[in-house]
Amino acid sequence: MGGEDGGKRDSEDGVGDGFDVLNFIDFHWDMVSPSEMSGRFVVKPKSSQPFGVLHGGITAFLAETLASLGAQIVSRWARVAGIDLTVSHLQSAPVGSEVIAKAVPLRVGKRVQVWDVTFTTLNKKASSSNEEQQFTTVAVARLSVIVGLPDPETGRKGNEKLIAIAREKNVELFPLMNSKL
């Protein structure tokens, strides 16, 4: 498998940076901040069911990823882990649809956070440029995470990458402890 890293996706310790699946589905970030984690991707055969619609596993993966990364930011890089994920699929998103995923915090506590994630597609019916764009909600998710787990050094690469993505979006995040960033 090729890529910008010449096919070397995992480090010597066997741990990636956590962004491999996002890269696999060609996810593009729109916002990385303590109040919103969002981005978009186009449903392709590699992210769909055999029926030609968005695979629910991709939806669940994105909900957990966006909300967990947002929870890390809000908690100033404390390690978090999902403890409950609920996803409701409301509408199908066929291959070729652009899906927008947006995670926002519902509750931010010292030990538990709850994040809501919505997945929408642009409604094709609003074709005129003068019309306001309308979106269809294809799925909703809620993730609860526990905050403050022991923090192994292995998560540092992913956190550094997330800080770099936020900077590209002109959002400054809390610096990592002992970081060169």
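Scoring rules and cut-offs
Each chain has its residues counted from 1, following the order in which its sequence is written. Note on the predicted model: pLDDT of at least 70 is required for a residue's local features to be given, and 80 or more for side-chain atom pairs to be given and counted; whole-chain, interface and lining totals, by contrast, use all residues. Note: side-chain values were computed over all heavy atoms of the structure, leaving out hydrogens and water. Helical segments are the DSSP runs of H or I of at least four residues, strand segments are the runs of E of at least two, and each set is numbered from the N terminus. Between buried and exposed lies partly exposed: a residue is buried under 20% and exposed over 50% of the maximum accessible area for its type, with that area taken using a 1.4 Å probe on protein chains only. We call two residues in contact when some of their heavy atoms are within 4.5 Å. Surface exposure here means Shrake-Rupley accessible area, sampled with a 1.4 Å probe, where a residue is shielded only by the protein chains that are shown. Strands qualify as paired when DSSP identifies two bridges or more between them. Here the axes come from fitting lines to C-alpha atoms, over the contacting stretch only for helices, and the angles between their N-to-C directions go from 0 to 180 degrees. One number per residue, pLDDT, summarises how confident the predictor is, and it ranges from 0 to 100. Here the nonpolar core consists of buried residues drawn from Ala, Val, Leu, Ile, Met, Phe, Trp, Tyr and Cys, with membership extended through side-chain atoms lying within 4.5 Å. Centres within 6.5 Å make a pair out of two Phe, Tyr or Trp rings, where for Trp the six-membered ring is used; the pair is then stacked when the planes are under 30 degrees apart, edge-to-face when over 60, and tilted otherwise. Only when the NZ of Lys or the CZ of Arg is both within 6 Å of the ring centre and within 35 degrees of the ring normal is a charge said to sit over the ring. What makes a salt bridge here is a side-chain nitrogen of Lys or Arg within 4 Å of a carboxyl oxygen of Asp or Glu, nothing more.

Identification of the protein as Thioesterase domain-containing protein from Ceratodon purpureus is taken from an unreviewed UniProt entry.

(A) Highlighting the overall build of the protein. Regarding its fold elements, the protein presents 3 helices and 6 strands. In sequence order, the secondary structure elements of the protein are arranged as α-β-β-α-β-β-β-β-α. Scored against the burial criterion, the 181 residues of the protein give a buried share of 35%. Put simply, 63% of the contacts in the protein that link residues at least 6 apart link residues at least 24 apart. Of the roughly 10400 Å² of accessible surface on the protein, a fraction of 52% belongs to carbon and sulfur atoms.

(B) How the structure looks around the sheet that holds strand E5 (residues 112–122). Ordered in space as E1-E2-E4-E5-E6-E3, the 6 strands form an open sheet in which the pairing is antiparallel. Edge positions in the sheet fall to strand E1 (28–32) and strand E3 (79–89), since each of these pairs with one other strand and no more. Within this sheet the neighbouring strands show an average axis-to-axis angle of 20 degrees, counted without direction. The pairing of E1 with strand E2 (residues 37–42) spans 4 bridges and is antiparallel.

(C) Focus on the confidence of the model for the protein. Looking at the protein, pLDDT values average 86 and 83% of them are 70 or higher. Long-range and interchain partners of residues 1–10, a stretch whose pLDDT sits below 50, account for 9 contacts in this model, where long-range means more than four residues apart.

(D) Just unusual backbone geometry, in detail. The phi torsion at Asp26 lies on the positive side, around 60 degrees, for a residue other than glycine. Note that Asp26 resides in the loop between helix H1 (20–24) and E1. Here Asp26 falls in the partly exposed class, since its relative accessible area comes to 29%. In the Ramachandran plot, Asn170 falls in the positive-phi region, its phi being about 60 degrees despite a non-glycine side chain.

(E) Inspection of the pairing of strand E6 (residues 135–149) at higher detail. Relative to E6, E3 is paired through 10 bridges, and the arrangement is antiparallel. The residue of E6 that forms the bridge with Val80 is Val147. Pairing of E5 with E6 involves 11 bridges; the strand directions are antiparallel. What sits directly across from Thr118, in E6, is Val140.

(F) How the structure looks around the nonpolar core. Ranked by size, the top nonpolar core spans 40 residues in total, and within it Trp29, Val32, Met37, Phe41, Phe119 and Leu162 carry the most contacts. Elements represented by at least two residues in this core include exactly E1, E2, helix H2 (56–74), strand E4 (98–108), E5, E6 and helix H3 (156–168). Those residues in contact with Val32 that lie beyond four places of it in its chain are Met37, Ile73, Leu162, Ile165, Ala166, Val171 and Leu173.

(G) Representation of the packing of aromatic side chains in the model. Inspection of the entire model under this criterion finds 1 aromatic pair. A cation over an aromatic ring shows up here: Lys46 above the ring of Phe24, its NZ or CZ 5.0 Å from the ring centre.

(H) Highlighting the pattern of salt bridges. On inspection of all chains with the given rule, the structure shows 7 salt bridges. Measuring nitrogen to oxygen at the nearest pair gives 3.6 Å for the salt bridge that ties Asp26 to Lys46. Placement of Asp26 in the loop between H1 and E1 and of Lys46 in the loop between E2 and H2 is noted, with a sequence separation of 20 residues between them. Lys46 gets classed as partly exposed once you look at its relative accessible area, which sits at 40%. Glu172 is the partner of Arg167 in a salt bridge, and the nearest nitrogen-oxygen pair spans 3.5 Å. Under the relative-accessibility criterion, Glu172 is labelled exposed at 60%. Linked by salt bridges that have partners in common, Asp26, Lys44 and Lys46 make up one network.

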